[in-house]
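What follows is the residue order along each chain.
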Amino acid sequence: MSFEIMPIAGALGAEIRGIDVAGLDGEGMAEVRSALLRYGVICFRDQDLSPEGYLDFARQWGEVHLHPYLRGLDEFPEIIEIIREADDPTGFADHWHTDQIFTPRPANFTMLFARETPAAGGDTMFASLTGAYDRLSPGMQRMAARLRTCNSYDKKAPRSARMAARIADRETPTQEAVHPLVRLHPETGRPALYVSDERSTRRFDGMSEEESRPLLAWLMRHATRPELTCRIRWEPGTLGIWDNRSVLHSALNDYYGQRRVMHRITIRGEPVRGLAEQSH
Ligand code: SIN
């Protein structure tokens with residue numbers, strides 16, 4: 001199948017040109033999937049997708065699943081509508097994270113379809129977790145491979161009233177999910193530093209938050225250095241897909257006074273396998 005891949009930045013990210021995703025078949029899908037595994041995040045412009053067509057496309061990536069805490073659209077519960085109204089200063093997902101690290105089987109892939117975008121701003125930033133692992137010193141790599149993180153979902157984090165209303169039962173705390181800090185990507189075999197910021201990754205297993213915080217903060221600074229990042233500028237009809245096993249993301253909240261509407265679907269993942277477990 002012929003299409004063009006235009007890298008967005010040195011560390012990760014590519015725009016794919018010449019594809020209408022609604023018409024992708026088995027062979028085309030395999031090529032697009034291998035582009036995603038290589039670049040970590042890809043996007044397609046000018047896509048025309050109804051909610052049904054979007055779901056059909058998403059199902060080719062694996063099992064579409066429901067977010068454990070956030071309710072989707074009434075007619076399409078698998079699609080989460082992320083809305084920021086023009087007069088609402090509160091962002092959503094405007095911090096560095098990898099999706100659903102707070103569950104035992106975090107999402108493999110996330111896709112985001114732009115329905116309404118601000119004239120300027122509202123980009124999403126991405127950072128390479130495989131690049132972050134590769135750039136650790138050998139001593140830090142060895143230590144990191146022995147650590148595990150405890151992760152939870154902050155139901156009460158600041159969110160727009162509209163998004164907060166879609167979280168059921170805000171008073172009940174969520175369960176913690178424990179994962180290896182260095183995960184082995186099941187498809188590429190590459191190790192990645194698997195961590196999110198303090199809203200999700202609370203501490204190391206067996207340590208207090210206070211003990212864990214300095215190293216977690218350093219790891220996040222390391223993983224989000226500008227040279228490990230890229231950004232997607234959205235326009236209506238842009239479809240982005242990223243691999244949560246190797247990429248962090250953060251939505252920029254820099255468009256006060258304008259509306260942004262995105263439709264998100266996530267694809268179920270597998271239990272996280274650590275680098276330290278590879279010989280078992
Ligand atoms: C998300 O993290 O789920 C959404 C990112 C965005 O809205 O750009």
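In the block above lies the structure referred to throughout.
Residues numbered from 1 in each chain as written. Predicted model: local features only at pLDDT ≥ 70, side-chain atom pairs only at ≥ 80, totals over all residues. Heavy atoms only, no water.

1. Topic: the sheet that holds strand 13 (residues 239-243)
Next, step 1: Taken in spatial order, the seven strands of this open sheet run 1-2-3-13-5-15-4, and their pairing is mixed. If you trace the sheet from one side to the other, it starts and ends with strand 1 (4-7) and strand 4 (80-84), each paired once. Recorded for the sheet is a direction-independent mean angle of 25° between the axes of neighbouring strands. (Pairing = 2+ DSSP bridges. Helix = DSSP H or I, 4+ residues; strand = E, 2+ residues; numbered from the N terminus. Axes fitted to C-alpha atoms, helices over the stretch in contact; angles between N-to-C directions.)

2. Some details on the nonpolar core
Nonpolar side chains in soluble globular proteins tend to end up buried together.
Next, step 1: If you look at the biggest cluster of nonpolar residues, it comprises 29 residues, and the most contacted ones within it are Trp61, Met111, Leu239 and Ile241.
Next, step 2: Sorting the residues of this core by element identifies strand 2 (14-17), helix 1 (26-39), strand 3 (41-44), helix 2 (51-59), strand 5 (109-116), strand 13 and strand 15 (260-267) as the ones contributing at least two each.
Next, step 3: If you tally residues by element for this core, the top one is helix 1, at five residues.
Next, step 4: Among residues more than four places away in sequence, those in contact with Ile241 are Leu36, Gly40, Val41, Ile42, Phe44, Phe57, Trp61, Phe109, Thr110 and Met111.
Next, step 5: Phe204, Leu219, Met220 and Ala223 belong to the second largest nonpolar core, which has 25 residues in total. (Core = buried A, V, L, I, M, F, W, Y, C linked by side-chain atoms within 4.5 Å. Buried < 20%, exposed > 50% of the residue type's maximum accessible area, 1.4 Å probe, protein only. Contact = heavy atoms within 4.5 Å.)

3. So, the side chain of Thr124
Next, step 1: Inspection of the secondary structure assignment puts Thr124 in strand 6 (residues 124-128).
Next, step 2: Taking relative accessible area as the criterion, Thr124 reaches 2% and is therefore assigned buried.
Next, step 3: Among the polar contacts made by the side chain of Thr124, one reaches the side chain of Trp234 at a distance of 2.8 Å.
Next, step 4: The contact partners of Thr124, leaving out residues within four places of it in the chain, are Leu112, Cys230, Arg231, Ile232, Trp234, His249, Ser250, Ala251 and Arg260. (Polar contact = N/O pair within 3.5 Å; in protein donor to acceptor, adjacent residues only side chain to side chain.)

4. Focus on the environment of Val261
Next, step 1: Note on placement: Val261 falls in strand 15.
Next, step 2: Take Val261: its relative accessible area is 6%, and that puts it in the buried class.
Next, step 3: Along the primary structure Val261 and Pro118 are separated by 143 residues, whereas in three dimensions their C-alpha atoms are 9.1 Å apart.
Next, step 4: Other than its neighbours up to four places away in sequence, Val261 contacts Glu81, Ile82, Ile83, Phe113, Ala114, Arg115 and Glu116.

5. Describing the side chain of Thr110
Next, step 1: Locating Thr110 in the fold gives a position in strand 5.
Next, step 2: Reaching out from Thr110, the side chain makes a polar contact with the side chain of Asp99 at a distance of 2.6 Å.
Next, step 3: Among the polar contacts listed, one links the side chain of Thr110 to the side chain of Asn244, at a separation of 2.8 Å.
Next, step 4: Among residues more than four places away in sequence, those in contact with Thr110 are Asp99, Gly240, Ile241, Trp242, Asn244, Arg264, Ile265 and Thr266.

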